[in-house]
Amino acid sequence: MTDSRKLAGQVALVTGATGGIGREIARRLGARGAHVVVTGRSREGGEETIAAVERAGGSAQFFRADLATMATVRALAEEFRRRYDRLDVLVTNAGCSRDSRQLTADGHELTLAVNHLAPYLLTHDLLDVLVETPDSRLVATSSTVHSTGEIDFADLRLETDYDAFAAYARSKLANLLFTTELAARVDFPVNAVHPGFVPGSGLYRHASLPTRAFMALAARLPVLSTSVDEAADPLVELAVDPDADHTYFDRHDPTDPDPRADDDRLREHLWNVSAALVNVDPDWP
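Residues numbered from 1 in each chain as written. Predicted model: local features only at pLDDT ≥ 70, side-chain atom pairs only at ≥ 80, totals over all residues. Heavy atoms only, no water.

A short note on the overall build of the chain
- On a plain count of helices and strands, the chain comes out with 8 helices and 8 strands.
- Intrachain contacts of the chain at a sequence separation of at least 6 include 75% that bridge at least 24 residues.
- Surface summary for the chain: the accessible area is close to 12500 Å², and the carbon and sulfur share equals 47%. (Helix = DSSP H or I, 4+ residues; strand = E, 2+ residues; numbered from the N terminus. Contact = heavy atoms within 4.5 Å. Areas by Shrake-Rupley, 256 points an atom, 1.4 Å probe, with all protein chains shown as cover.)

So, the packing of aromatic side chains
- With the rule as written, the count across this model stands at 7 aromatic pairs.
- Ring centres 5.6 Å apart and planes at 45° place the aromatic pair phenylalanine 178 and tryptophan 271 in the tilted group. Here phenylalanine 178, found in helix α5 (residues 164-185), pairs with tryptophan 271, found in helix α8 (residues 264-278); they are 93 residues apart in sequence, far enough to count as distant.
- By relative accessible area, which is 4% here, phenylalanine 178 ends up buried.
- Aromatic ring contacts, followed pair by pair, group Tyr120, Phe178, Trp271 and Trp284 into a single cluster.
- For arginine 185, the ring lying beneath its charged end belongs to tryptophan 271, and the centroid distance is 3.9 Å. (Phe/Tyr/Trp six-rings, centres within 6.5 Å; stacked < 30°, edge-to-face > 60°. Buried < 20%, exposed > 50% of the residue type's maximum accessible area, 1.4 Å probe, protein only. Lys NZ or Arg CZ within 6 Å of the ring centre and 35° of its normal.)

Focus on helix α3 (residues 70-83)
- Given a rise of 1.5 Å per residue, 14 residues ought to cover 20 Å, and the 20 Å separating the end C-alpha atoms of α3 matches this to within 8%.
- As for α3, its buried residues are in contact with β1 (11-14), β2 (35-40), β3 (59-64), α4 (110-132) and α8. (Expected span 1.5 Å × (residues − 1).)

Some words on the packing of α3 against α4
- Closest axis-to-axis distance for the α3/α4 pair is 9 Å, and the angle between their directions is 30°. It follows from the interaxial angle that α3 and α4 lie roughly parallel. Handedness of the α3/α4 crossing: right-handed. Facing α3, whose interface residues are Met70, Val73, Arg74, Leu76, Ala77, Phe80 and Arg81, α4 presents Ala113, Leu117, Ala118, Leu121, Leu122, Asp125, Leu126, Asp128 and Val129.
- Residues belonging to the contact of α3 with α4 are distributed by class as follows: 12 nonpolar, no polar and 4 charged. (Axes fitted to C-alpha atoms, helices over the stretch in contact; angles between N-to-C directions. Parallel < 35°, antiparallel > 145°, perpendicular 65-115°, else oblique. Left-handed = near helix turned anticlockwise from the far one by under 90°. Nonpolar A, V, L, I, M, F, W, Y, C, P; charged D, E, K, R; others polar.)

With respect to the side chain of threonine 15
- By secondary structure assignment, the location of threonine 15 is in the loop between β1 and α1 (20-31).
- Among the polar contacts made by the side chain of threonine 15, one reaches the main-chain amide nitrogen of asparagine 93 at a distance of 2.9 Å.
- Among the polar contacts made by the side chain of threonine 15, one reaches the main-chain amide nitrogen of alanine 94 at a distance of 3.0 Å.
- Setting aside chain neighbours within four positions, we find threonine 15 in contact with Thr39, Leu67, Val91, Thr92, Asn93, Ala94 and Leu122. (Polar contact = N/O pair within 3.5 Å; in protein donor to acceptor, adjacent residues only side chain to side chain.)

Some details on the sheet that holds β3
- The 8 strands are arranged β3-β2-β1-β4-β5-β6-β7-β8 in an open sheet whose pairing can be described as mixed. Two strands close off the open sheet at either side, each with one partner strand: β3 and β8 (253-254).
- In this structure, strand β4 (residues 89-92) lies alongside strand β5 (residues 137-141), joined through 4 bridges in parallel fashion. Counterpart to valine 91 in the pairing with β5 is valine 139.
- Against the sheet, helix α2 (residues 43-55) engages β2 and β3, with an angle of about 170° to β3. (Pairing = 2+ DSSP bridges.)

Below, the structure written as structure tokens:
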């Protein structure tokens with residue numbers, strides 16, 4: 001993409017942009033002329049991302065937000081709506097993986113809350129702004145591990161068993177089912193992207209010591225991993241292109257996701273359960 005002004009006058013919101021892939025996405029969107037709204041938990045990280053966007057010739061604003069709490073997600077959407085009247089690009093990139101089971105202040109299992117419920121609620125609260133903005137689009141950071149995930153609707157808090165990888169895979173399956181269902185319900189492009197295995201993303205910073213050690217090793221072996229810069233490439237391409245609309249991409253390639261993504265009843269059931277968990281009317285959009 002050589003046209004650095006392709007997004008001039010547009011507004012982009014990137015969650016989880018205080019480091020890793022999110023920071024690189026924000027920097028590149030800013031370089032293309034977008035005003036980038038950066039969200040994350042770290043004020044220092046947010047300021048560093050703003051500086052990176054500005055060095056690239058763009059403009060940005062930081063909203064500090066811990067997306068584990070649904071009240072914070074609502075406050076983020078409300079503050080955005082108060083300051084902006086358009087949303088051209090929504091990139092739902094924030095994610096987490098924890099070695100031990102944790103519950104949020106709302107009583108949700110943490111990984112599911114951050115990786116699925118937060119983007120579900122944020123999209124709900126900003127949907128009318130997206131709809132009213134011509135050529136808007138949504139891009140979600142996905143993962144190929146969604147294919148190994150299992151959703152037990154009777155145990156969404158993972159009270160009977162907890163495995164960090166299984167919890168993460170479950171959350172990414174839920175997120176993909178949501179984006180697939182959303183794509184079927186709206187008239188603007190909704191795409192989910194598996195960016196590759198990215199040890200430098202910061203996703204595993206709260207994992208166990210052996211997991212962190214493996215990630216440090218993998219980061220030194222290009223055959224095993226994808227760099228942050230490479231991982232950001234397909235997400236930025238889709239964020240820039242208002243005509244790209246395949247729903248799921250493995251890096252740059254349009255790909256069929258797990259067959260469960262085609263299960264209309266499963267997608268609708270998850271949609272309705274998610275609405276109940278975040279206390280919104282399931283009859284949207």
